[in-house]
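Coordinates in review
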Amino acid sequence: MTETARTTTQSTAQSTGRTARGPGARGVEELPLHMQRVGFDPAPELGAIRDGAGVRKVRTPFGLEAWLVTRWSDVREVLGDAGRFSNEWQGAFRPPGMPERSPEEIARLRAGNLLAFDPPAHTRLRRMLTPEFTGRRMARLEPRVREIVDQHLDAMEQAGPPADLVADFALPVPSLVICELLGVPYGDRAEFQRRSARLLDLSSPMDERMRAQEEQRDYMAGLVARERAEPGEELLGMLVREHGEELSTDELIGIANLLLIAGHETTSNMLGLGTLALMDHPDQLALVRDDPDAIGPAVEELLRWLSIVHSGTIKSATGPAEIAGQPIAEGELVMLSIPAANRDTALLEDPERLDVRRGALGHVAFGHGVHHCLGAPLARMEMRIAFPAVLQRFPDLRPAGEDRRFRSFNVVYGMESLPVTWGGA
């Protein structure tokens with residue numbers, strides 16, 4: 001595809017929420033409804049469903065049918081009831097293009113992935129990790145996070161404008177933080193970022209995504225073997241020292257894999273997309289830059305308004321259920337529209353407007369219930385530090401050009417790049 005054709009395609013995606021793919025593509029060729037956006041906003045059709053019936057049957061990216069739930073109260077109900085809406089159905093089907101695997105192989109790939117289990121199996125894994133994500137633990141990490149943020153801002157300032165805020169700041173800062181927390185060599189970041197990008201891009205051919213999954217597991221297996229032999233002081237070493245007899249090697253690999261990918265993909269996309277949103281709203285940017293009391297509420301509002309995770313994990317009804325008056329049969333799949341739910345008037349007034357002063361709690365950007373994001377305290381702390389830091393260092397930060405490249409087909413929404421400038425440049 002030529003550069004002109006590519007730009008035209010991306011512009012169409014931003015204005016309509018849909019992207020065409022070439023005839024040779026073997027990944028998802030049309031953007032699923034739950035992933036459709038118009039810039040920062042969920043597609044109008046999602047809002048129409050929420051404000052109408054509330055639930056609609058849709059086709060998932062893997063060819064299965066599911067009920068798409070859009071209202072804030074209904075989304076919270078599904079997230080809060082793991083007994084009726086289960087995560088453990090995963091592995092029960094084989095999407096087109098995925099190689100056939102034995103039950104033993106499926107179990108190995110699911111091991112340690114908290115998103116693939118319900119209580120009590122989920123509870124067993126989570127209780128081992130929770131102490132590492134408490135407020136007290138985050139307070140101990142905060143000075144190092146500030147140091148990492150300042151180091152990257154120093155490098156941007158020394159290099160001078162323009163800069164790519166994604167490549168130079170939004171991606172490397174949370175990547176370094178999660179690497180140090182887990183005990184993953186930061187020098188390996190380029191490779192694991194490349195693999196996670198392939199794994200989360202639904203437009204990539206299925207065989208490429210599965211190959212990236214296996215490569216990532218092989219990489220993590222090497223790190224786990226190292227920690228088994230000589231446990232370090234970071235999270236992986238702690239798990240080996242304190243829970244090494246309880247956790248299998250496959251579980252350690254799965255835990256580390258999930259935390260590494262989630263720990264840099266989500267926060268990095270919030271930093272990139274959130275900074276662009278603030279630059280588009282100069283009055284809001286000024287509050288975050290100049291008022292220390294504004295940053296906490298601003299983080300919550302940006303989380304709500306952007307909702308970078310489209311849907312979270314698809315669930316299966318464990319028995320007959322009903323959502324928004326719609327009967328759901330046992331075994332039917334249920335998807336959630338996090339962006340639509342977070343723009344529901346049932347959550348707050350005038351939800352389409354970005355207002356960093358309100359910081360309404362109750363949004364579902366981090367989920368809800370037993371699967372509420374384990375790393376939410378870390379993500380909040382990183383954003384509370386990074387947003388004002390970059391805006392104070394470059395008070396007149398602004399986009400460099402009009403080309404906006406959103407990651408439309410990615411499981412986590414964000415920017416592919418974000419050229420910025422400052423000063424007289």
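Quantities reported herein were computed from a predicted structural model and do not represent experimental measurements.

This brings us to the overall build of the protein chain. Helix and strand counts for the protein chain come out as 16 helices and 14 strands. Structurally, the protein chain occupies a C-alpha span of about 60 × 55 × 45 Å along its principal axes. Surface exposure of the protein chain reaches about 17,700 Å², of which carbon and sulfur atoms provide 53%.

Here strand β3 (residues 55-59) runs beside strand β4 (residues 65-69); their pairing, made up of five bridges, is antiparallel. Within the sheet, the bridge partner assigned to Val 55 lies in β4 and is Val 69. Following β3, the chain reverses through five residues before pairing antiparallel with β4; Gly 63 in that reversal takes a positive phi of roughly 90°.

We now examine the sheet that holds β3. Each strand in a sheet pairs with another by means of backbone hydrogen bonds, the pair being arranged parallel or else antiparallel. Here five strands make up an open sheet; going across it, the order is β3-β4-β10-β7-β5 and the pairing mixed. With one partner strand each, in any of the chains shown, β3 and β5 (85-86) form the two edges of the open sheet. Where helix α3 (residues 72-79) meets the sheet, it contacts β4, β5, β7 (315-317) and β10 (333-336), and its direction lies at approximately 125° from that of β10.

Our focus in this paragraph is the side chain of Thr 421. When you line up the elements, Thr 421 lands in strand β14 (residues 419-421). When sequence neighbours within four positions are dropped, the list of residues in contact with Thr 421 reads Pro 161, Asp 396, Leu 397, Arg 398, Pro 399 and Ala 400.

Along the chain, Arg 209 falls in helix α10 (residues 206-229). For the buried Arg 209, which has no salt bridge, the nearest side chain bearing the opposite charge is Asp 201, at an N-O separation of 7.0 Å.

A separate point is the nonpolar core. If you look at the biggest cluster of nonpolar residues, it comprises 91 residues, and the most contacted ones within it are Val 149, Phe 169, Val 184, Leu 239, Leu 306, Leu 378 and Phe 387. For this core, the element with the most residues is helix α12 (residues 249-280), which contributes 14 residues. The residues contacting Leu 306, other than those within four sequence positions of it, are Arg 37, Phe 40, Met 270, Leu 273, Gly 274 and Ala 277. Counting residues in each nonpolar core, the second largest holds 20 residues, with Val 55, Val 69, Ala 321 and Leu 347 among its members.

This brings us to the pattern of salt bridges. Counted by the stated rule, this structure contains 34 salt bridges. Across the pair Arg 144 and Glu 147 runs a salt bridge whose closest N-O atoms are separated by 3.0 Å. Separated by three residues within a single helix, Arg 144 and Glu 147 lie in helix α6 (residues 135-159), roughly one turn from each other. Exposure remark for Glu 147: the relative accessible area of 39% places this residue in the partly exposed category. Residue Asp 350 pairs with Arg 353 through a salt bridge whose shortest N-O separation is 2.6 Å. Assessed through its relative accessible area of 41%, Asp 350 is described here as partly exposed. The structure contains a network of salt bridges with shared partners spanning Glu 191, Arg 194, Arg 195, Arg 198 and Glu 215.

On a regular strand, one side chain projects to one face of the sheet and the next to the other, so that they alternate. Side-chain alternation along β10 places Leu 333 and Met 335 on one buried face and Val 334 and Leu 336 on a second face that is also buried. Summarising the sheet, β4 and β10 pair through four bridges and their orientation is parallel. By the bridge assignment, Val 69 is partnered in β10 with Leu 336. Note: β7 against β10, two bridges, orientation antiparallel. Pairing of Lys 315 across the sheet is with Val 334, part of β10.

Tallied over the full model, the rule gives four aromatic pairs. Residues Phe 406 and Tyr 413 carry aromatic rings whose centres are separated by 5.7 Å and whose planes lie at 5° to one another, so their mutual orientation is stacked. With respect to class, Phe 406 is no different from Tyr 413; both count as buried. By the ring-pair criterion, three or more aromatic residues cluster together here, those being Phe 40, Trp 305, Phe 406 and Tyr 413. A cation over an aromatic ring shows up here: Arg 195 above the ring of Tyr 219, its NZ or CZ 5.0 Å from the ring centre.

Take the packing of helix α9 (residues 189-200) against α10 next. Here α9 crosses α10 at 145°, and the two axes come no closer than 8 Å. In terms of crossing hand, the pair formed by α9 and α10 is left-handed. Contacts between α9 and α10 involve Phe 192, Arg 194, Arg 195, Arg 198 and Leu 199 from the first element and Glu 208, Arg 209, Arg 211, Ala 212, Gln 213, Glu 215, Gln 216 and Tyr 219 from the second. Along the lines of polarity and charge, the residues of the contact of α9 with α10 split into four nonpolar, two polar and seven charged.

Definitions and cut-offs
Residues numbered from 1 in each chain as written. Predicted model: local features only at pLDDT ≥ 70, side-chain atom pairs only at ≥ 80, totals over all residues. Heavy atoms only, no water. Helix = DSSP H or I, 4+ residues; strand = E, 2+ residues; numbered from the N terminus. Areas by Shrake-Rupley, 256 points an atom, 1.4 Å probe, with all protein chains shown as cover. Pairing = 2+ DSSP bridges. Contact = heavy atoms within 4.5 Å. Axes fitted to C-alpha atoms, helices over the stretch in contact; angles between N-to-C directions. Buried < 20%, exposed > 50% of the residue type's maximum accessible area, 1.4 Å probe, protein only. Lys, Arg positive; Asp, Glu negative; His and termini not counted. Salt bridge = Lys/Arg side-chain N within 4 Å of Asp/Glu carboxyl O. Core = buried A, V, L, I, M, F, W, Y, C linked by side-chain atoms within 4.5 Å. Phe/Tyr/Trp six-rings, centres within 6.5 Å; stacked < 30°, edge-to-face > 60°. Lys NZ or Arg CZ within 6 Å of the ring centre and 35° of its normal. Left-handed = near helix turned anticlockwise from the far one by under 90°. Nonpolar A, V, L, I, M, F, W, Y, C, P; charged D, E, K, R; others polar.

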